[in-house]
Amino acid sequence: VYRVIAGFARPLRHGRGSAPLELPLPFKLDKPVLAVGGHMKNTIALAWTHYGKAPETLTPAAPAGLVLVSLLRLLVWWRMRAEVITDMVAARTLRSTLVFAAALGAAFTAWALLLFPHGDAYMQMHVAFSMAVTLTVGSMCLTHMRSAAYVLIGIATVPFVAFFARLDQPVM
């Protein structure tokens, strides 16, 4: 939904086809840039803060595996950028995106919830915040494929809410 304000069409509500929102930069780029990997950066930061306080299987082993799988998925998409995509390839790719959204959503959520008990209240709040940011970034990346975004939100939000609801901490 758009409205003309001061001679420019301004979005009032973003929907399909207008996301992601392109923002003007204060400088020129020679080539377009795709900013991805917010969940990977978030995972590395969370693992870094818990290093030495959590078992080594949770830091650095598990986050390294999650980031590696995410990078491999990114590489697959990068290699497809110049291909002419047939209907069959598009359908297969969409199905695999749905499966990966579910699998990675479950894996990132399980890892974060396993990490939660290892640390003080500040580190636990970091886990909660990290999960919220990762879920937001992941669902925003999947905006153009709503079914995958909904699967990710469902797979991550239900355990997140159930886990934190059972805690006897009024702040959480």
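All of these numbers come straight from a predicted model, not from anything done at the bench.

**A look at the confidence of the model for the protein**
Per-residue pLDDT for the protein averages 86, and the proportion of residues at 70 or more is 88%. By mean pLDDT, the top-scoring element of the protein is helix H3 (residues 87-115) (93), and the lowest-scoring one is strand E2 (residues 8-11) (76).

**A look at H3**
Helix length check: H3 (29 residues) gives 41 Å between terminal C-alpha atoms against 42 Å at 1.5 Å per residue, within 8%. Three or more residues of H3 are buried, namely Val89, Thr93, Thr97, Ala101, Leu104, Gly105, Phe108, Thr109, Trp111, Ala112, Leu113 and Leu115. In this structure, the buried residues of H3 make contact with helix H1 (38-50), helix H2 (57-80), helix H4 (121-141) and helix H5 (146-165).

**Regarding H4**
When the terminal C-alpha atoms of H4 are compared, their 30 Å separation across 21 residues agrees well with the 30 Å that a helix rising 1.5 Å per residue should span. Turning to H4, its buried residues number three or more, namely Met123, Gln124, Val127, Ala128, Ser130, Met131, Thr134, Gly138 and Ser139. With its buried residues spanning 160° around the axis, H4 presents them on a single face. For H4, the exposed residues set more than 90 degrees away from the buried face come down to Ala121, Tyr122, Phe129 and Met140. Considering only its buried residues, H4 is in contact with H1, H3 and H5. The N-terminus of H4 is capped by Asp120, whose side-chain oxygen sits 3.2 Å from the backbone nitrogen of Tyr122.

**Focus on the packing of H3 against H5**
Relative to each other, H3 and H5 sit at 20°, their axes nearing to 8 Å. Compared by their axis directions, H3 and H5 come out roughly parallel. As H3 runs across H5, the sense of the crossing is right-handed. Each of Thr97, Leu98, Ala101, Ala102, Gly105, Ala106, Thr109 and Leu113 in H3 lies in contact with H5, whose residues at this interface are Ser147, Ala148, Val151, Leu152, Ile155, Ala156, Pro159, Phe163 and Phe164. Taken together, the residues that form the contact of H3 with H5 break down as 13 nonpolar, 4 polar and no charged.

Cut-offs used in this document
- The residue numbers shown here count from 1 along each chain, following its written sequence.
- This being a predicted model, a pLDDT of at least 70 is required before a residue's local features are given, and a value of 80 or more before pairs of side-chain atoms are given or counted; all residues contribute to the totals for chains, interfaces and linings.
- The side-chain values count all of the structure's non-hydrogen atoms but skip hydrogen atoms and water molecules.
- Per-residue confidence from the predictor is given as pLDDT, running between 0 and 100.
- Put simply, DSSP marks the helices as runs of H or I at least four residues long and the strands as runs of E at least two long, and each gets a number from the N terminus on.
- A helix is expected to span 1.5 Å for every residue after the first.
- Here's how the labels work: a residue is buried when its accessible area is under 20% of the maximum for its type, exposed when over 50%, partly exposed in between, all with a 1.4 Å probe on protein chains only.
- Any two residues whose heavy atoms approach within 4.5 Å at even a single point are treated as in contact.
- The arc in question is traced by the directions running from the helix axis to the C-beta atoms.
- Nitrogen and oxygen atoms within 3.5 Å of one another constitute a polar contact, given that in protein one can donate a hydrogen and the other can accept it, and given that sequence-neighbouring residues count only through two side-chain atoms.
- Lines fitted to the C-alpha atoms define the axes, with helices restricted to the stretch that makes contact. Angles between their N-to-C directions range from 0 to 180 degrees.
- The scheme is simple: roughly parallel for angles under 35 degrees, roughly antiparallel for over 145, roughly perpendicular for 65 to 115, oblique for anything else.
- Left-handed is the label given to a crossing in which the near helix is rotated counterclockwise from the far helix by less than a right angle, and right-handed is the label when the rotation is clockwise.
- Three classes are used: nonpolar for Ala, Val, Leu, Ile, Met, Phe, Trp, Tyr, Cys and Pro, charged for Asp, Glu, Lys and Arg, and polar for all others, with Gly counted as polar.

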